[in-house]
Amino acid sequence: MNPLIAVDIGGSLIRAGLFSQNGKILCRVEKPNPARQSANTIIKSILAVVESVWPTSGRVQAIGISAPGPLDPVRGVILHSPNIPGWDNYPLVEELEKYFHVTVRLNDDANLAALAEHRLGAGKGCNHLVYLTISTGVGSGIIVDNKLLIGSAGIGAEAGHMLIQESSPLRCGCGNYGCLESLISGPSLAEQARLALSQSQDSLMWQLSEGDPKSITAKTVAEAARQGDALAIEIFDQAGKNLGIALTNLLYIFNPQMVVIGGSVSKAGELLLDPARQMVRKICMSYYWINTPIVLAELGDDTSLWGAYYLALDIHF
Ligand SMILES: [Zn+2]
């Protein structure tokens, strides 16, 4: 049984692992991602990272790749990358297959994180699962009947752009206002804190940022909220309520057995999840949430790498 290689192309790091077919990590490396340079530079880095975990003897069965969307997992093409100039309609799978002469599969990082939580993490044993990741952006992955839902063009399951507040002044990366991502992502929470501090500095966040609101991140807001700061608690409370509205929509559509929340902002834990659950209970019919726990993800920084391993493992030869 030949081993598999998984690669996670993240915003700041490219990670790769050599996995045995039964899920043992035989070798793992990570290198800085030279994003914002050129498509040529990043492809060279990906090739180098894969080569650094390539087994010294024997063959590799397949390579699974996790990358930020939008991408086409069926054709293996990166449709667009806001961070990498020239990575538009880039045939990543074709390029890697030409170089390594093994089967390569690609999917987006949130879908693969969902797959990993479904196979190995909090959602293990669930046939139907909704996964949301809240960090710099908001991504999602939906498992229906044990399979990832990708939609007709492979770009489905993007709950981050679900419209929650049409009249919101907060602009999303997609250009719209009031998408879930624009309301609850890490940069959005920080921006909401900065806006509030421009009105009144009566908050622990002012001290934590040493009077420099530009330095505030979602972590600062969480730290202040944990210490009882009313303004920071209010920001998380509102974000949790908006998350609850989004989850209600997802519960009605997918009727999952479990909802799993991951990503760096989810480290705030109950600050976010408690108001989200309260909102769900308030606005959603109980049949839809009574047997559906809303829980935190269990896998850490390697979630999408594990997802890429399962993607490679699922290829039938
Ligand atoms: Zn959007």
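The structure under discussion appears in the preceding block.
What you see is a predicted model; the values in this text were computed from it and never measured.

Novice: Honestly, the overall build of the protein in this entry has me stumped. Any pointers?
Specialist: When helices and strands are tallied, the protein shows 11 helices and 12 strands. Counting only C-alpha atoms and orienting by the principal axes, one finds that the protein spans roughly 60 × 45 × 30 Å. Burial statistics for the protein: of 317 residues in total, 51% are counted as buried. Of all intrachain contacts in the protein linking residues separated by at least 6 positions in sequence, the fraction that spans at least 24 positions is 62%. Total accessible area computed for the protein in this model is approximately 14600 Å², and 51% of it derives from carbon and sulfur atoms. Between the averaged position of the 23 positive side-chain charges in the protein and that of its 29 negative side-chain charges there is a distance of 5 Å.

Novice: Hey, could you run me through the coordination of the zinc ion in this one?
Specialist: Each pair of donors in an ideal four-coordinate tetrahedral metal site encloses 109.5 degrees, whereas pairs in an ideal six-coordinate octahedral site enclose 90 or 180 degrees. Taken together, His161 (ND1), Cys172 (SG), Cys174 (SG) and Cys179 (SG) make up the protein donors of the zinc ion, found 2.1 to 2.4 Å from the metal. Every donor counted, the 4 donor atoms about the zinc ion form angles of 101 to 126° at the centre, which fits tetrahedral coordination. Of note, the zinc ion draws all its donor residues from one chain, in the sequence arrangement H-x10-C-x1-C-x4-C. A relative accessible area of 47% places Cys174 in the partly exposed class. According to the relative accessible area criterion, Cys179 is buried, its value standing at 0%.

Novice: Explain the environment of Ser81 here, please?
Specialist: Among the structural elements, Ser81 can be located in the loop between strand E6 (77–78) and helix H2 (92–100). Under the relative-accessibility criterion, Ser81 is labelled buried at 13%. Sequence separation of Ser81 and Pro68 is 13 residues, and the distance between their C-alpha atoms is 7.5 Å. Setting aside chain neighbours within four positions, we find Ser81 in contact with Trp87 and Asp88.

Novice: In this structure, what is going on with the state of the cysteines? I would like to understand it.
Specialist: Each disulfide consists of one covalent bond between the sulfur atoms belonging to two cysteines. Summed over the entire model, instances satisfying the criterion amount to 0 disulfides. A disulfide-free cysteine, Cys284 has its sulfur positioned 17 Å from the sulfur of Cys126, the nearest such atom. On the accessibility criterion, Cys284 (6% relative accessible area) is buried.

Novice: Would you take a moment to explain the sheet that holds strand E10 (residues 147–148) for this structure?
Specialist: Whenever strands of a sheet pair, they do so through backbone hydrogen bonds, lying parallel or antiparallel. Here we have 5 strands laid out as an open sheet, ordered E10-E9-E8-E11-E12, and mixed in their pairing. Each of the sheet's edge strands pairs with one partner strand only, and the pair in question is E10 and strand E12 (294–296). As paired strands, strand E11 (residues 258–262) and E12 are joined by 3 bridges and run parallel to one another. Residue Val259 lies in a different strand from E12, and its bridge partner there is Ile294. Seen against the sheet, helix H3 (residues 109–119) touches strand E8 (129–134), strand E9 (138–144), E10 and E11 and runs at an angle of roughly 50° to E9.

Novice: Got a minute to help me understand a nonpolar patch on the surface in this structure?
Specialist: Nonpolar side chains collect at one region of the surface, where Tyr252, Ile253, Met285 and Tyr287 lie side by side and expose about 480 Å² of accessible area between them. Note on placement: Met285 falls in the loop between helix H9 (270–283) and helix H10 (286–289).

Rules of the game
- Residues numbered from 1 in each chain as written.
- Predicted model: local features only at pLDDT ≥ 70, side-chain atom pairs only at ≥ 80, totals over all residues.
- Heavy atoms only, no water.
- Helix = DSSP H or I, 4+ residues; strand = E, 2+ residues; numbered from the N terminus.
- Buried < 20%, exposed > 50% of the residue type's maximum accessible area, 1.4 Å probe, protein only.
- Contact = heavy atoms within 4.5 Å.
- Areas by Shrake-Rupley, 256 points an atom, 1.4 Å probe, with all protein chains shown as cover.
- Lys, Arg positive; Asp, Glu negative; His and termini not counted.
- Charge placed at Lys NZ, Arg CZ, Asp CG, Glu CD.
- Donors = N, O, S within 2.8 Å, 3.2 Å for Na, K, Ca; no water.
- Tetrahedral: all angles 85-135°; square planar, octahedral: opposite > 155°, others 65-115°.
- Disulfide = S-S within 2.5 Å.
- Pairing = 2+ DSSP bridges.
- Axes fitted to C-alpha atoms, helices over the stretch in contact; angles between N-to-C directions.
- Patch = residues over 30% accessible without salt bridge, like charges linked within 9 Å, V, L, I, M, F, W, Y side chains within 5 Å.
- Salt bridge = Lys/Arg side-chain N within 4 Å of Asp/Glu carboxyl O.

By themselves, these figures tell us nothing about what the structure is for.
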